[in-house]
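Results of the structural survey
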Amino acid sequence: MTERLLNLKSEVREELKNAKSVHELNAVKARYVGKKSPLQEVLGKMREADAETRKALGKAINEFKSFVEEEVSARLQEITAAEIQKRLESERLDVTLPGKRFSAGRLHPLSKTIEEIEDICIGMGYEIAEGPEIETDHYNFELLNLPKGHPAREMQDSFYLDVVHLLRTHTSPVQARVMQKAGGKPIKIICPGKVYRRDNDDATHSHQFMQIEGLVIDKDITMADLKGTLALLMRRMFGDELEIRFRPSFFPFTEPSVEVDVTCFKCGGEGCPLCKGTGWHEVLGAGMVHPNVLRMSGYDPETNQGFAFGLGIERIAMLRYGIDDIRYFYQNDPRFLKQF
Ligand code: FA5
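This one's a predicted model, so the numbers in the text were calculated from it and none came from an experiment. Residue positions are given per chain, counted from 1 along the sequence in the order it is written. The model is predicted, so local features are restricted to residues of pLDDT at least 70 and side-chain atom pairs to those at 80 or more, both for listing and for counting; the totals for chains, interfaces and linings are taken over all residues. Side-chain measures here rest on the full set of heavy atoms in the structure, leaving out hydrogens and waters.

For the rest of this paragraph, the subject is the site of the ligand. For this description, a residue counts as near a given molecule or strand if any of its non-hydrogen atoms is within 4 Å of it. Around the ligand sit 27 residues, and of these His170, Ser172, Arg197, Asp199 and Glu282 come closest. Pairs of N or O atoms are called polar contacts if they sit within 3.5 Å, as long as, within protein, a hydrogen donor faces a hydrogen acceptor (for residues adjacent in sequence, only side-chain-to-side-chain pairs). In this structure, an oxygen atom belonging to the ligand sits 3.0 Å away from a side-chain N or O atom of Gln211. Here the accessible surface of atoms and residues is derived via Shrake-Rupley with a 1.4 Å probe, and residues count as covered only by protein chains that are part of the display. When isolated, the ligand has an accessible area of 670 Å², and the protein chains bury 96% of it. Buriedness for pockets is judged along seven lines, at least five of which must meet protein on both sides within 12 Å for an open set on the 1 Å grid over protein atoms alone, while cavities are sets there where a 1.4 Å probe fits but cannot get out, and lining residues have an atom within 4 Å of a point. Here the criterion for a molecule occupying a pocket or cavity is that more than half of its atoms lie within 2 Å of the pocket grid points. The cavity where the ligand resides is the largest pocket. Secondary structure elements follow DSSP: runs of H or I of four or more residues count as helices, runs of E of two or more count as strands, with numbering from the N terminus. The set of elements that each furnish at least two residues to the shell around the ligand consists of β5 (208-218), β7 (254-263), β8 (280-289) and β9 (305-312). In terms of residues, the shell around the ligand owes the most to one element, β8, which gives five residues. Basically, the charged four are Asp, Glu, Lys and Arg, the nonpolar ten are Ala, Val, Leu, Ile, Met, Phe, Trp, Tyr, Cys and Pro, and anything else, Gly included, counts as polar. In the shell around the ligand, the residues fall into nine nonpolar, 12 polar and six charged.

Moving on, we get to helix α10 (residues 313-321). Think of it in three bands: with a 1.4 Å probe and only protein chains considered, a residue is buried below 20% of the maximum accessible area for its type, exposed above 50%, and partly exposed in between. Those residues of α10 lying buried are Ile313, Glu314, Ile316, Ala317, Met318 and Leu319. Residue contacts are defined here by distance: any two heavy atoms, one from each residue, within 4.5 Å place the two residues in contact. Looking at the packing, one finds that the buried side of α10 touches α5 (109-123), β5, α8 (223-238), β7, β8 and β9.

The next thing to look at is the side chain of Gln211. By secondary structure assignment, the location of Gln211 is in strand β5. For Gln211, a relative accessible area of 10% puts it in the buried group. Reaching out from Gln211, the side chain makes a polar contact with the backbone nitrogen of Thr171 at a distance of 2.9 Å. Once residues within four sequence positions are removed from consideration, Gln211 is found in contact with His170, Thr171, Cys191, Pro192, Gly193, Val195, Arg197, Leu311 and Ile313.

What follows deals with the pairing of β7. Along any regular strand, the residues point their side chains to alternate faces of the sheet. Of all 10 residues making up β7, eight are buried, and the element is well covered by its neighbours. Two strands pair under a simple rule: DSSP has to find at least two bridges between them. Sheet topology note: the strand β6 (residues 244-251)/β7 ladder contains seven bridges and is antiparallel. By the bridge assignment, Phe246 is partnered in β7 with Val260. Once β6 ends, the chain turns through two residues before running back antiparallel as β7. Relative to β8, β7 runs antiparallel, the two being bridged by eight bridges. Each bridged residue has a counterpart across the sheet, and for Val260 the counterpart in β8 is Leu284.

So, on to the nonpolar core. To form a nonpolar core, buried Ala, Val, Leu, Ile, Met, Phe, Trp, Tyr and Cys residues must be joined to one another through side-chain atoms within 4.5 Å. Formed by 38 residues in total, the largest nonpolar core has its most connected members in Ile117, Met234, Leu284, Phe309 and Leu311. Of all the elements in the fold, those that place two or more residues in this core are α5, β5, α8, β7, β8, β9 and α10. The element best represented in this core is α8, accounting for six residues. Ignoring sequence-local partners within four residues, the contact set of Ile117 consists of Ile212, Leu233, Met237, Leu311, Ile313 and Ile316. Of all hydrophobic cores here, the second largest spans 22 residues; its members include Leu146, Val174, Ala182 and Leu294.

In this model, the largest pocket occupies a volume close to 570 Å³. The set of elements that each furnish at least two residues to the lining of the largest pocket consists of β5, β7, β8, β9 and α10. For the lining of the largest pocket, a count of residues per class yields 11 nonpolar, 12 polar and seven charged. The volume enclosed by the second largest pocket comes to roughly 250 Å³. At the level of elements, β6 and β8 are the ones that each hand at least two residues to the lining of the second largest pocket. The element best represented in the lining of the second largest pocket is β8, accounting for three residues. Grid points are joined across faces, edges and corners, and a volume is the space filled by probe spheres set on the points.

A helix is expected to span 1.5 Å multiplied by its residue count minus one. Relative to the 16 Å expected for 12 residues at 1.5 Å per residue, helix α2 (residues 22-33) spans 16 Å between its end C-alpha atoms, a close match to the ideal helical length. Residues of α2 that are buried: Leu25, Val28 and Tyr32. Here the buried residues of α2 occupy an arc of 60 degrees about the axis, which is enough to place them on one side. Taking the helix axis as origin, the arc is that swept by the directions to the C-beta atoms.

Every axis corresponds to a line fitted to the C-alpha atoms, with the helix fit spanning only the stretch in contact, and the corresponding angles, defined between N-to-C directions, vary from 0 to 180 degrees. Put simply, α5 and α8 touch, their axes get as near as 10 Å, and they point 130 degrees apart. By the angle between their axes, α5 is oblique relative to α8. Like other packed secondary-structure pairs, α5 and α8 cross with a definite hand, here right-handed. In contact with Thr113, Glu116, Ile117, Ile120 and Cys121 of α5, α8 contributes Leu233, Arg236 and Met237. In the contact of α5 with α8, the residues fall into five nonpolar, one polar and two charged. Angles are sorted into four bins: roughly parallel if under 35 degrees, roughly antiparallel if over 145, roughly perpendicular if 65 to 115, and oblique for all others. Two helices cross in a left-handed way if the nearer one is turned anticlockwise from the farther one by less than a right angle. They cross in a right-handed way if the turn is clockwise.

Attention now goes to the pattern of salt bridges. The working definition used for a salt bridge is a side-chain nitrogen of Lys or Arg within 4 Å of a carboxyl oxygen of Asp or Glu. Using the criterion set out here, one finds 19 salt bridges in the structure. A salt bridge links Lys148 to Glu142, with the shortest nitrogen-to-oxygen separation between them at 2.8 Å. Note on Glu142: relative accessible area 24%, which makes it partly exposed. We note a salt bridge from Arg198 to Asp157, for which the minimum N-O separation is 3.8 Å. Of this pair, Arg198 sits in the loop between β4 (187-196) and β5 while Asp157 is found in the loop between α6 (137-140) and β3 (165-167), placing the two residues 41 residues apart along the sequence. One salt-bridge network, in which partners are shared between bridges, spans Asp137, Glu142, Lys148 and Arg153.

Structure follows, in structure tokens:
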């Protein structure tokens, strides 16, 4: 019988050699030491044997079991090492390869410019207001002292949707909306937003562009407040390098009215094709709120004064970042956008 066990050992070795996985190893183990293994046959024989043979057989069985355990565990180590080696080879990482580039989104230069202006104005105590892009003729023109047939309406060629509605041509209609809601109380707001005009697109004009409207209404507001506010805003935006000039102008909703120009960033004021030889770029219109406008929206011009301004965001962004064509802002070219 001990001889039979010796033969089994060489069978076990052979089968373990052929086993390729943990599952196959366990199957070999069960086959040789499990309930249906040839050991059961040896155990059966033990019952009939004399005491001395039983002792010898018991020793041989235990030795066989330990042998199987050791062989299985040795083979298990080999299989595990081979599996690790296989994985290492198939999942090999070349740590010298360059990493994957992740492209991060960023703010559009116009959004950045609006945020900067908003931050400066909020620092001066302004609140942010909003108004609709589809406006009525009443708010876009009439409440701004531009009755039907007024020649100054032609200053802003409009996209009409029907006889009453149009795409707002400027952010100034928000003035009237805010004044009507404020019910005679002081106002200090800015309103950023898109505006639309039937202008021909060129390097400095777009049919859709953005403005920020500013409106301050209170007692004893003077032109000096307007000038000081705009000069501070411009200096904060451009530093002290660019020159600013206030030029008398005309808007039906302000009296007196001014336009503010900033030196051309391209030629430094000497005159070039971009500034059409003038050396300046107009960036905003402003003035003291016209008494008619105050009156139409519920303010007594005898006791209340105010100033208003409307600046062109694209023009400011062009000066700020040295961009020589307004159309870049609307082409969504990643080569342009990723510079900001
Ligand atoms: C107005 O729109 C007035 N509502 C501004 C105002 C507000 C005056 C409050 C007084 C009181 P104007 O048409 O000049 O004004 O436009 C204001 C600014 O918008 C200009 O200075 C310019 O920077 C910009 N702008 C005007 N037209 C265009 C255009 N087609 N493309 C790009 N920017 C423009």
